[in-house]
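Results of the structural survey
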There are 2 protein chains.
Amino acid sequence: MALIVEKYGGTSVGSIERINAVADVVAQSVRNGDKMVIVVSAMSGETNRLIDLAKAISSRPMQREMDVLVSTGEQVTIALLAMALQEIGVPARSYTGFQVAIQTDSTHGKARIVNIESEHVLADLNTGSVVIIAGFQGVSSENNITTLGRGGSDTTAVAMAAALQADECRIFTDVDGVYTADPRVVEDARRLDRITFEEMLELSGAGAKVMQIRSVEFARKYNVPIRVLSSFRKGPGTLITNEEQPMEKPMISGITSAEDEAKVTVRGVPDRPGIAYSILGPISDAEIIVDMIVQNIGIDGLTDLTFTVHQEDLPKSMELLTPVVEGLGAEAIVGDTNLAKISAVGVGMRSHAGIATTMFHALSEKGINIQMISTSEIKISVTIDKEYAELAVRTLHKAFNLESIDTD
Amino acid sequence: MALIVEKYGGTSVGSIERINAVADVVAQSVRNGDKMVIVVSAMSGETNRLIDLAKAISSRPMQREMDVLVSTGEQVTIALLAMALQEIGVPARSYTGFQVAIQTDSTHGKARIVNIESEHVLADLNTGSVVIIAGFQGVSSENNITTLGRGGSDTTAVAMAAALQADECRIFTDVDGVYTADPRVVEDARRLDRITFEEMLELSGAGAKVMQIRSVEFARKYNVPIRVLSSFRKGPGTLITNEEQPMEKPMISGITSAEDEAKVTVRGVPDRPGIAYSILGPISDAEIIVDMIVQNIGIDGLTDLTFTVHQEDLPKSMELLTPVVEGLGAEAIVGDTNLAKISAVGVGMRSHAGIATTMFHALSEKGINIQMISTSEIKISVTIDKEYAELAVRTLHKAFNLESIDTD
């Protein structure tokens, strides 16, 4: 008898038929004796429908009210899934984020979980009930409804699994695991059977859409084993744990492309100490996540600073920096969305030299120009012109022989 | 500077345009210096959309989950209206029933308000913010989401007005006041300028759809003056207070027809003490509201007991009573939805004899057969065959000269 947390995304609960199918899967686990906690997203399309309503009223709706609005999406799903389970004889109770309570900070639209009160959920589980929890949402200390930002339902699932000390957290999605590259781009991309938290973290940060980066961080922090599975077809999925493969490990686990970032360049800044802080401080204060940061060596006492943010955050970043840049006496500030970030990720990278060489060589052979480079211990990322993104992923997948390496 | 609670129903907030129009009206009141609390329903059509989702899953969804589901409807509206006000420069904050908190008992789908914590709302009002509250919903002592049942948003508005000691509670709806009869049925029906709580109570109970009976009870109990207004066109509406008109009062204020009731008849019950209780006890335990009750004089030691319930409650009533009726040795139990309840209401009735005579005579002249009769101090109700409902209303409106009496 295990305690399992399962998360079903928007397409997995996108219709009444799909919700009934999820109920059948959950019922089977209950019959096997497992205690089940189910975290669900809004039915696919619903969140966008709600956002469109808001946009019809205001181009910049207050985030507090956006959270009140969009959190209804998951609330609808929890009620429907509870009904579907009850209909087939499985006791079930729904919980909003408010009801759990999933306590967060007050950053509307991007709140972070600070605590989970799990007593009520545990009590329900002990009476044999399936507990269904609205993903993506929480409640702040001021009693406001908050949302966790994109992919937040994954975070809810992992955080619940951590709070409940669950045996496994299963993320059901529309793909059947983590791949060496996006199978829609690279035909011979392979599903990985296992991957470490660290690798998954870098893959998520690098554009793999399977899981949100924060949920992987959470899982690593609390050592919650995650299994990524398809809710549409059976299969073992990909297990994400803190255990590295004991046997020969391939250098690279996957190639990703992120096309939702934007680049902000501050040109001709006087090159003196504290410049980076003056520019990035206001961005960070506004809770905007900065990904890559590159500063060139200054010529004639002037330097350029470039960083990337999510495309959604570009208008606000430009607005915040315009007065700052003027104050610094910089030449110009330029925003640009025409870029893709291509990354190669793998724990094997640590012990193998030459990964960067292979990567840069392969790209140059296809005539792809590299704009920015950023590296971590187990990842190399470059930004390139957006139109070369798919070509770059296919080129690197081949250059690292990812189609043929068996990771089992 | 007054404290005003306003309630806008589903059609009044049925589209983005309508929500913006409501925001404009509210903004005007704020500019006049009034403190505004706005209670809203779900956008028209939304509640039915949600109910249809539930019905696609289960023919008898658990009420707890139904409340979780349908309460999202109002939550969407509060967020959108708050955004609409913010967009035109009026500070506004939304509150779900949970957040206020509007504490109710645990009768899902038909919960009763037991307490309102109004501190947060008052604090917001004092900072100059408009407070927008989701109607129809509350939270039970077990932390469950509850709903107040049909027309519950009116109850929310009146209860908030009572809790906040508001100067006036305005109910904006799709009609511009309380009429002597349904204007769609009786062409020369007149809008009443004033009416007492008592009359409104009887009119609501008798089928006038303007306000829910519970909200009128609440208003009378806490003496909250209510004004019923149209959100589509300007006008003084109808003021509902506890003050009777000092001048000559017409005998009858209005004629109503209720066509959403059903009749349950238990035939051939042994006529002994406690029979009514045995039959109506289980109905009342199930929180089903019984309207008219008629028991005929017994013949041969057997009697018939007939009562009316809301049509929605008929299947459950029949299910509950089938074993009871068997246990009592009664002959049969019969459910029937083919009836309309026609009522004449007016405080003037108290001092005038002959109302019943006029009523029964007028109906008989049109060949309309009376099934059941029930009377209160200020109301006479009869049930008739449903197909005569409109004819009966027109006939009685004319019989009591309601088209010509000036109540101003």
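Before going into details, it helps to say that this report is about the structure given with it. All residue numbers refer to position in the chain's written sequence, counted from 1. Labels follow written order: the first chain is A, the first ligand is 1, and so on. Predicted model: local features are reported for residues with pLDDT of at least 70 only, side-chain atom pairs are reported and counted for 80 or more only, and whole-chain, interface and lining totals are derived from all residues.

Along its length, chain A carries 12 helices and 22 strands. The globule rule puts the C-alpha radius of gyration for 408 residues at 22 Å, and the 22 Å found for chain A is close to it. Overall, chain A is about 75 × 50 × 35 Å in size when its C-alpha atoms are taken along their principal axes. Here chain A holds 408 residues, and 50% of them are scored as buried. Per the convention used, a helix needs a DSSP run of H or I reaching at least four residues, while a strand needs a run of E reaching at least two, with both numbered from the N terminus. All radius of gyration figures rest on C-alpha atoms, and the globule criterion is 2.2 Å times the number of residues raised to 0.38. Burial is judged by counting the other C-beta atoms within 10 Å of a residue's own C-beta: 20 or more makes it buried, 12 or fewer makes it exposed, and any count in between marks it as partly exposed, with every C-beta position built from the backbone.

This part is about the pairing of strand S18 (residues 302-310) of chain A. Residue and element names in this part refer to chain A. If DSSP finds at least two bridges between two strands, the strands pair. As paired strands, strand S16 (residues 261-270) and S18 are joined by 8 bridges and run antiparallel to one another. Bridging from a neighbouring strand, Glu261 pairs with His310 of S18. Of the pairings in the sheet, the one linking strand S17 (residues 290-295) to S18 comprises 4 bridges and is antiparallel in character. If you follow Val294 over to S18, its bridge partner there is Thr306.

This paragraph deals with the nonpolar core. Of all hydrophobic cores here, the largest spans 223 residues; its most connected members are Leu81(A) and Leu81(B). What counts as a contact is two residues whose backbone-derived C-beta atoms lie within 7 Å of each other. Contacts of Leu81(A), omitting those with residues within four sequence positions, involve Val13(A), Ile19(A), Val22(A), Ala23(A), Ile38(A), Val40(A) and Ile132(A). Put simply, a nonpolar core is buried Ala, Val, Leu, Ile, Met, Phe, Trp, Tyr and Cys residues tied into one set by C-beta atoms within 7 Å.

When the copies are superposed, the least-squares fit draws on C-alpha atoms of residues that have pLDDT of at least 70 in both. Between the two copies, chain B and chain A, the superposition gives an RMSD of 0.1 Å; the rotation angle is 180° and the shift along the axis is 0.0 Å. Taken together, the rotation angle and the small translation identify this as a two-fold axis. Considering only C-alpha atoms, the part of chain B nearest the rotation axis is Thr72(B), at 2.7 Å. Counting the interface residues of chain B, we find that 100% of their copies in chain A are interface residues as well, pointing to one common contact surface.

If you trace the backbone, Val37(B) turns up in strand S2 (residues 35-40). Distance in space between the C-alpha atoms of Val37(B) and Lys341(B) is 36 Å, their sequence separation being 304 residues.

Residue and element names in this part refer to chain A. Spatial ordering of the open sheet is given by S15-S20-S22-S21, a layout of 4 strands whose pairing is antiparallel. Here the strands that pair on one side only, and so sit at the sheet edges, are strand S15 (254-258) and strand S21 (370-376). Adjacent strand axes in the sheet meet at a mean angle of 15° when their direction is disregarded. Bridge count between S15 and strand S20 (residues 340-345): 5 bridges; the pairing is antiparallel. When the sheet's bridge partners are listed, Ile255 is paired in S20 with Ala344. As a rule, the C-alpha atoms of each element are fitted with a line to give its axis, helices using only the stretch in contact, and angles between N-to-C directions run from 0 to 180 degrees. Contacts between helix H7 (residues 197-205) and the sheet are confined to S15, S20, S21 and strand S22 (379-384), with S20 contributing the most and set at about 165° to the helix. Contacts from helix H11 (residues 355-365) reach S20, S21 and S22 within the one sheet, and its direction differs from that of S22 by about 20°.

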